[in-house]
Amino acid sequence: VGSSLASIMYEQAMITYMFLKKPNAVLSYTNVNSEVGACRIKDYYSYCDWDRLADPYADFAATESALSEEDVERWPDLLTIPAVSAAVVLAVNINNYDEDAPPLVLDRETVIGIYSGNITHWDDQRIKDLQSIYVSVRLPHEKINVIVREDKSGTTEVFKKSLRSFAADLDRDDVDFPVDDAGNTEWPGLSESVGGEEFMQRRAGNNGMAAGGGLTPSSIAYI
């Protein structure tokens with residue numbers, strides 16, 4: 001149970017194991033999010049404050065969020081084993097963007113600008129300056145629909161920590177990307193920008209993020 005980012009690997013591994021080694025084995029992985037996974041593997045009844053799954057028990061959990069020192073002290077029998085290496089990437093959906101066109105370029109400054117609410121349109125000059133002439137003249141004057149996770153997730157934690165690192169490297173102390181144990185769902189810059197709540201959409205799980213990005217014109221999503 002746990003991470004949606006790692007779910008495909010675990011599901012494929014289970015199918016392969018049952019096919020090649022143990023045809024009668026019963027294995028399953030519930031794709032939810034990192035916070036649920038970490039909660040279930042600790043102590044469901046005394047720790048979790050929701051009942052989103054029918055079976056509270058888990059033999060192993062996947063999360064991108066490392067156990068805190070407090071977790072290690074409270075549950076000393078838990079083992080953490082690095083199992084999956086993956087990348088969090090940005091996916092964009094821009095109206096009328098030619099598939100054969102050169103790729104859109106975003107640097108650390110423009111990514112910070114988008115997720116802090118300082119860059120709100122695709123034809124912002126800071127984005128256009130990074131593009132080839134072919135792409136630059138075709139960027140539409142459309143509001144950027146920013147898609148974020150509605151549930152706490154390790155993917156959000158990883159992405160926000162990257163944004164914080166970018167901001168620190170660029171001496172940007174004017175932006176805030178709060179992070180907690182499993183990816184804080186707050187985006188202060190986006191919420192406070194003009195029309196921020198209208199153009200910030202929330203989706204559950206990496207599958208929801210991918211679907212939201214694919215179906216929402218003029219959007220950007222991290223998956």
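Residues numbered from 1 in each chain as written. Predicted model: local features only at pLDDT ≥ 70, side-chain atom pairs only at ≥ 80, totals over all residues. Heavy atoms only, no water.

A. Representation of the overall build of the protein chain in the model. The helix and strand tally for the protein chain stands at 10 helices and four strands. Expressed as a percentage of contacts within the protein chain between residues at least 6 apart in sequence, the contacts between residues at least 24 apart total 68%. For the protein chain, the accessible area works out to roughly 12700 Å², and carbon and sulfur atoms hold 51% of it. (Helix = DSSP H or I, 4+ residues; strand = E, 2+ residues; numbered from the N terminus. Contact = heavy atoms within 4.5 Å. Areas by Shrake-Rupley, 256 points an atom, 1.4 Å probe, with all protein chains shown as cover.)

B. Quick look at helix H1 (residues 7-20). With 14 residues, H1 should cover 20 Å at 1.5 Å per step; its first-to-last C-alpha distance of 20 Å lies within 8% of that length. Listed in full, the buried residues belonging to H1 are Ser-7, Tyr-10 and Met-14. Within H1, the buried residues cover an arc of 70 degrees as seen down the axis, which keeps them to one side. In this structure, H1 carries Ile-8, Phe-19 and Leu-20 as exposed residues pointing more than 90 degrees from its buried face. (Expected span 1.5 Å × (residues − 1). Buried < 20%, exposed > 50% of the residue type's maximum accessible area, 1.4 Å probe, protein only. Arc of directions from axis to C-beta.)

C. Looking closely at helix H10 (residues 205-215). Taken residue by residue, H10 has Gly-205, Asn-206, Gly-208, Met-209, Gly-212 and Gly-213 as its buried positions. Across the axial projection of H10, the buried residues extend over an arc of 155 degrees, all falling on one side. Exposed residues lying more than 90 degrees from the buried face of H10 are Asn-207, Gly-214 and Leu-215. Buried residues belonging to H10 abut strand E1 (90-93), strand E2 (145-149), helix H7 (154-169), strand E3 (200-203) and strand E4 (219-222).

D. Summary view of the sheet that holds E1. Strand order in the open sheet formed by four strands is E1-E4-E2-E3, and the pairing between neighbours is mixed. The open sheet has two free edges, formed respectively by E1 and E3, since each of these has just one partner strand. On average, each strand axis in the sheet is tilted by 25 degrees relative to the strand beside it, whichever way the strands run. Against the sheet, H7 contacts E1, E2 and E4, and its axis sits at roughly 105 degrees relative to E4. (Pairing = 2+ DSSP bridges. Axes fitted to C-alpha atoms, helices over the stretch in contact; angles between N-to-C directions.)

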